[in-house]
Amino acid sequence: MSGFAWDWEFARSILPELLNGFRLTLIATLFGTVIAVVLGLALCFLRMARLPVLSAACGLWIQFIRGTPFLVQLYFIFYVAPNWGIAFSAFATGVVALGVYYGSYAAEIYRAGIEDLPAGQWEAALTLGLPLKRVWLGIVLPQAVRAVLPVLANLVIAMFKESALLSSITVMELLASGKAIGSINFRYIEPLTMVGVLYFIISYGSARAVRSLETRHAVR
């Protein structure tokens, strides 16, 4: 039973390596979030542009990405896309896959926020003769983003946890670091427990922050 006893000295010795993997997880989540936010907004605009072919194509793309598992998309970009000359490093592949996958969800979140705005605001802005660009950037988007900010924040939390799948394409993020330590030292209880604790700390802290956002931006 000694193999199942917690070894504090071993836990302290592996913490720096786990923190390196944790740092990579945070970086992947950060860059994935940037891609998702920008791509989601672009897809939302294209889908709402009412351009018959382009809008339909964007809608189909969003449904396809949302309707297939993230792991399948990750493997496709990493193993299949290089056959067509589209090749990235393992880390870049993971970041792109995260951004594309969650960008499709972000597009629908943006669209819901925009469509939830009162129609009177559109009519009033157009009646005043405001340029369409100013209507979007000065009136519509600020309100829509503010309304869906808590939902977008939850999306980032989900991305942070989903980043563990990047270990399947050799990215040495948090989970991969824990598994590597366990296989080298034939001890998994400390590294995997610490991996779970690190994920929990960030996820729980972020969830509390999101709850605060929801309360602050609740409809009054």
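Computed from a predicted structure; not experimentally measured.

Asks: Please provide a residue-by-residue account of the overall build of the chain, values included.
Replies: Helix and strand counts for the chain stand at eight helices and zero strands. Listing each helix as α and each strand as β along the chain from the N terminus yields α-α-α-α-α-α-α-α. Of all 220 residues assigned to the chain, the portion counted as buried reaches 39%. A sequence separation of at least 24 residues applies to 77% of the contacts in the chain between residues at least 6 apart. Counting only carbon and sulfur atoms, one obtains 70% of the accessible surface of the chain, whose full area is about 12500 Å².

Asks: Explain the confidence of the model for the chain to me, using residue names and the numbers behind them.
Replies: Confidence along the chain averages 88 in pLDDT terms, with 87% of residues attaining 70 or more. Element-level pLDDT for the chain is lowest in helix α5 (residues 119-127), with a mean of 67, against a maximum mean of 95 in helix α3 (residues 70-80).

Asks: A description of the pattern of salt bridges should follow, citing residues and the corresponding values.
Replies: Per the stated rule, a full pass over the model turns up five salt bridges. We note a salt bridge from R187 to E190, for which the minimum N-O separation is 2.3 Å. Exposure class is identical for R187 and E190. Each is buried. Salt bridges sharing common partners tie together R47, E108, R111 and E115.

Asks: I'd like a rundown of unusual backbone geometry, residues and numbers included.
Replies: Only a minority of non-glycine residues have a phi that is not negative, and only a minority of peptide bonds are not trans. In this model, T170 sits at a positive phi of 75 degrees, which is unusual for a non-glycine residue. Locating T170 in the fold gives a position in the loop between α6 (132-162) and α7 (174-185). Even without a glycine there, the phi angle at F186 is positive, about 55 degrees. One can find F186 in the loop between α7 and α8 (189-216).

Asks: Can you lay out the nonpolar core for me, pointing to particular residues and giving the numbers?
Replies: Of all hydrophobic cores here, the largest spans 30 residues; its most connected members are F70, L74, L98, Y102, I114, L152 and L166. Only α1 (8-48), α3, α4 (90-115) and α6 provide two or more residues apiece to this core. Residues within four places of L166 in sequence aside, it is in contact with A28, F70, L74, G94, L98, V171 and E173.

Asks: Account for a nonpolar patch on the surface, naming residues and giving values.
Replies: On the surface, L30, V34, V37 and V38 cluster together into a nonpolar patch covering about 350 Å² of accessible area. On the basis of relative accessibility, which here comes to 47%, the residue V34 falls in the partly exposed class.

Asks: Please give an account of the packing of aromatic side chains that cites residues and values.
Replies: Following the criterion strictly, the structure yields eleven aromatic pairs and no others. Between Y75 and Y79 the ring centres are 5.6 Å apart and the planes differ by 65 degrees, which places this aromatic pair in the edge-to-face class. Highlighted residues: Y75 and Y79, both in helix α3, separated by four residues, approximately one helical turn. Taken together through their ring pairs, the aromatic side chains of F70, Y101, Y102 and Y105 make up a single cluster.

Analysis parameters
Note that residues are indexed from 1 along each chain, following the sequence as it is written. Confidence filtering applies because this is a predicted model: local features only for residues at pLDDT of at least 70, side-chain atom pairs given and counted only at 80 or more, and all residues used for totals across whole chains, interfaces and linings. Side-chain numbers here rest on the full set of heavy atoms in the structure, without hydrogens or water. The secondary structure listing takes helices from DSSP runs of H or I that are at least 4 residues long and strands from runs of E that are at least 2 residues long, numbered from the N terminus. Think of it in three bands: with a 1.4 Å probe and only protein chains considered, a residue is buried below 20% of the maximum accessible area for its type, exposed above 50%, and partly exposed in between. Contacts are assigned to residue pairs that have any heavy atoms within 4.5 Å of one another. Residue exposure ignores everything except the shown protein chains as possible cover, and the areas themselves are Shrake-Rupley values with a 1.4 Å probe. The predictor's confidence in any single residue is recorded as pLDDT, a number from 0 to 100. Each reported salt bridge corresponds to a side-chain nitrogen of Lys or Arg within 4 Å of a carboxyl oxygen of Asp or Glu. Buried Ala, Val, Leu, Ile, Met, Phe, Trp, Tyr and Cys residues form a nonpolar core when they are joined through side-chain atoms within 4.5 Å. Patch construction takes residues with relative accessible area above 30% that form no salt bridge. Like charges are linked within 9 Å, and nonpolar side chains (Val, Leu, Ile, Met, Phe, Trp, Tyr) are linked within 5 Å. A pair of Phe, Tyr and Trp rings is counted when the ring centres sit within 6.5 Å of each other, with Trp represented by its six-membered ring. The angle between the planes then sorts it: under 30 degrees is stacked, over 60 is edge-to-face, the rest tilted.

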